[in-house]
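Structural overview
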Amino acid sequence: MQYIQINTRVLVIDDEEMVRDNIEEILVPKSKSNEVLDMAASILFDEEISAIEHRSSNMPKFRVDKASSGIEGLEKIKKSISEGEPYAVVFLDMRMPGWDGLETAVRIREIENKAEIIFVTAYSDTSINDIVAKAGQNVGYHCKPYASEEIVQLATKATDDYNKLRNLEQLIEAISNINISENHLNPLLKNILDQLAGYSQTDTALLGKMHKDGTYEKIFSIGSLEEKVNETLLQEMIEKAFSNSSENLIQSNEIIFAKLENYVVFAALKKGTNLKTEKLYLLKLFVHNAAKAICNAELQVKLLEKEKLSAAGKAISMLMHDLRCPIKNIPIITGMMQEEGVVSEWLPVLDQAGEQASEIIDDFMDFLREAPVKKMPLNFLKLVNEAIDLSTVAKEFPSLKIDVSIEPDLIIQADKSKFKRIITNLINNAAEVLRDKKTNHPIIKLKAGQLLDAVQIIVQDNGTGIPELLLRNLFDPFITYEKAAGTGLGLSIVKQFVVAHGGTIEVHNDGGAVFTMHIPLN
């Protein structure tokens, strides 16, 4: 990353010409015009004496402009901003005709909150607290008379502070354009928040997420901020902050919230930290760009997963294509055997297994192609019973009880094959976890009913539930948890098929895992 060019532009606003010229002379010594004075001093004192102290080698090369009033100074600042060359430092007299120094500073802050303002005055009717409250944190104060080296030190420190903050600002703005994973992004964000906390003079800060479902996720913290966040209070603050505003970035006391589609990213500083002008601006900038960077990192992860799924899908697709013909021949072969008089109780079982395998291949191929569903009115209880019969895990788990609570005349508009796959996958997943965890009295409850303009379907087990960190990514491809076998595609297929029906699916824990689907009636 390229750092910005050092800005050493200085504006001196004072109604006394002598003061303006003196500060300019201190910061920008005119070496050629001083040669005559140096020569005269040598003649008078019979030795080589410099009338004006020459610039030290490490002194910045300042560029100084002057204004005789607050109005003139404000116009120069407007012009400097429009030309893309803003002032880093403004030396400002407190007592001036027309606008005094404080009013001038307030008007400057309306268009420029980054420049360092230094009041240089012999008199002031205003306390430093009032000045800071109105002109912002990045102000200095120095009394007349002053020494040349004091002006140099003030200007040098102010330009150094200004340029450090501009580099930090550029770094903050750059993070949203970096394409890296969340694991690599978080250390970068922590480093930047460290710098911001240091600049704000607080040893405590927090960056976190508040998800749409109301769950809190800590990203990282600095210092002694409480590990336990009051999630209820935080949710209330977020709802209150955004309820009366269309803005996506809002401040509430010491917390800055940035709203995204599925969650809110926030940064909090230590309670009582004074956030004004430059500090508030940088913290808002940080949270805004941190949110964008986190979102980009998540998209990057999803893109990699999609590429991985695509590569695996191509290989599986070729395999499925080769298997499709022999599997689809099974019902044909069993039919021919029956026509030839072969009698066996295994023929219907073999026929059913062939149909089931054929449906699995068709559904998997549809998943890879994201094929549209073919809806038709179906008796849901009958469909669920057929799906349960197809559950191989349930058949191999004799102690498992499946409790079905569905009205016998409930009709659903659905693709029969795909919806059976939805129910079968959810039952198989729950059954595997209950079996592997050796759950006492394992039970899966499946209930459905009409709710307004949709059918609500709930599949619930009495297991230990799904870990909180896994809940948000449960429907992503290749996500598995404590399963001896599985492709990690089962719930991805479920989610895709539900969405293809125009429905929604959510999961939460209530003792065990609870999957809730809403499928439109039409």
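Anyway, here's the lowdown on the structure attached to this text. The residue count restarts for each chain, going from 1 along the sequence in the order it is written. At least 70 in pLDDT is required for a residue's local features to be given in this predicted model, at least 80 for side-chain atom pairs to be given and counted, and no such filter applies to totals for whole chains, interfaces and linings, which use all residues. Values shown for side chains rest on all heavy atoms present in the structure; no hydrogens or waters enter the calculation.

**A short note on the packing of aromatic side chains**
Any pair of aromatic rings gets described here by the distance separating the centres and the angle formed by the planes. Here is the rule we go by: Note on aromatic pairs: the rings of Phe, Tyr and Trp (six-membered ring only in Trp) are paired at centre separations within 6.5 Å, and the planes decide the class, stacked below 30 degrees, edge-to-face beyond 60, tilted for the rest. Under the DSSP-based scheme used, a helix requires at least four consecutive residues in state H or I and a strand at least two consecutive residues in state E, with every element numbered from the N terminus. The buried label goes to any residue with under 20% of its type's maximum accessible area, the exposed label to any with over 50%, and the partly exposed label to all in between, with areas taken from a 1.4 Å probe on protein chains only. In our convention, an over-ring charge means Lys NZ or Arg CZ found within 6 Å of a ring centre and within 35 degrees of that ring's normal.
In the structure shown here, the tally under the stated rule is two aromatic pairs. On the basis of an interplanar angle of 80 degrees and a centroid distance of 5.9 Å, the ring pair of F380 and F419 is categorised as edge-to-face. Note that F380 is positioned in helix 11 (residues 380-390) and F419 in helix 13 (residues 416-436), a separation of 39 residues in sequence. Grouping residues by exposure puts F380 and F419 together as buried. Ring centres of F475 and F515 lie 6.2 Å apart, and the angle between their planes is 80 degrees; this geometry places the pair in the edge-to-face category. A residue pair is termed long-range when its members are at least 10 positions apart, and F475 in the loop between helix 14 (468-471) and helix 15 (490-500) and F515 in strand 17 (residues 512-520) qualify at 40 residues. On the basis of relative accessible area, F515 is assigned to the buried category, the value being 8%. We note R166 situated over the ring of Y162; from NZ or CZ to the ring centre the distance is 4.7 Å. Taking NZ or CZ as reference, K418 lies 5.7 Å from the ring centre of F497, over its face.

**Overview of the side chain of D14**
The criterion, for reference: Any pair of nitrogen or oxygen atoms within 3.5 Å is treated as a polar contact; in protein, a donor-acceptor pairing is required on top of that, and neighbouring residues in sequence qualify only through side-chain atoms on both sides. Any pair of residues with heavy atoms lying within 4.5 Å of one another is described as a contacting pair.
Structurally, the position occupied by D14 is in the loop between strand 1 (9-13) and helix 1 (17-27). The buried category is assigned to D14, whose relative accessible area is 3%. Only 2.9 Å separates the side chain of D14 from the backbone nitrogen of E16, close enough to count as a polar contact. Residue contacts for D14: discarding those within four places in its chain leaves V19, R20, A67, S68, D93, M96 and K144.

**Topic: the side chain of H501**
Counting through the fold element by element, H501 comes out in the loop between helix 15 and strand 16 (504-510). A distance of 2.7 Å separates the side chain of H501 from the backbone oxygen of F497, its partner in a polar contact. The contacts of H501, once residues within four sequence positions are left out, are V373, K375, Q413, A414, D415, K418, F419, I519 and P520.

**Regarding the environment of V507**
Take V507: it is sitting in strand 16. The contact partners of V507, leaving out residues within four places of it in the chain, are I466, L471, L474, F475, V514 and F515.

**Overview of the sheet that holds strand 15 (residues 454-461)**
The criterion, for reference: Paired strands, in this sense, are two strands between which DSSP finds at least two bridges. All axes here are fitted lines through C-alpha atoms, helices being fitted over the stretch that makes contact, and every angle between N-to-C directions spans 0 to 180 degrees.
The strand order 12-14-15-17-16 describes an open sheet built from five strands, whose pairing is mixed. With partners counted over all chains shown, the strands left at the sheet margins are strand 12 (401-406) and strand 16, one partner each. On average, each strand axis in the sheet is tilted by 15 degrees relative to the strand beside it, whichever way the strands run. Summarising the sheet, strand 15 and strand 17 pair through seven bridges and their orientation is antiparallel. Pairing of Q460 across the sheet is with V514, part of strand 17. Sitting on the sheet, helix 13 is in contact with strand 12, strand 14 (443-451), strand 15 and strand 17, with an inclination near 145 degrees to strand 14. Across the sheet, helix 15 lies against strand 16 and strand 17, angled at about 135 degrees from strand 16, the strand it touches most.

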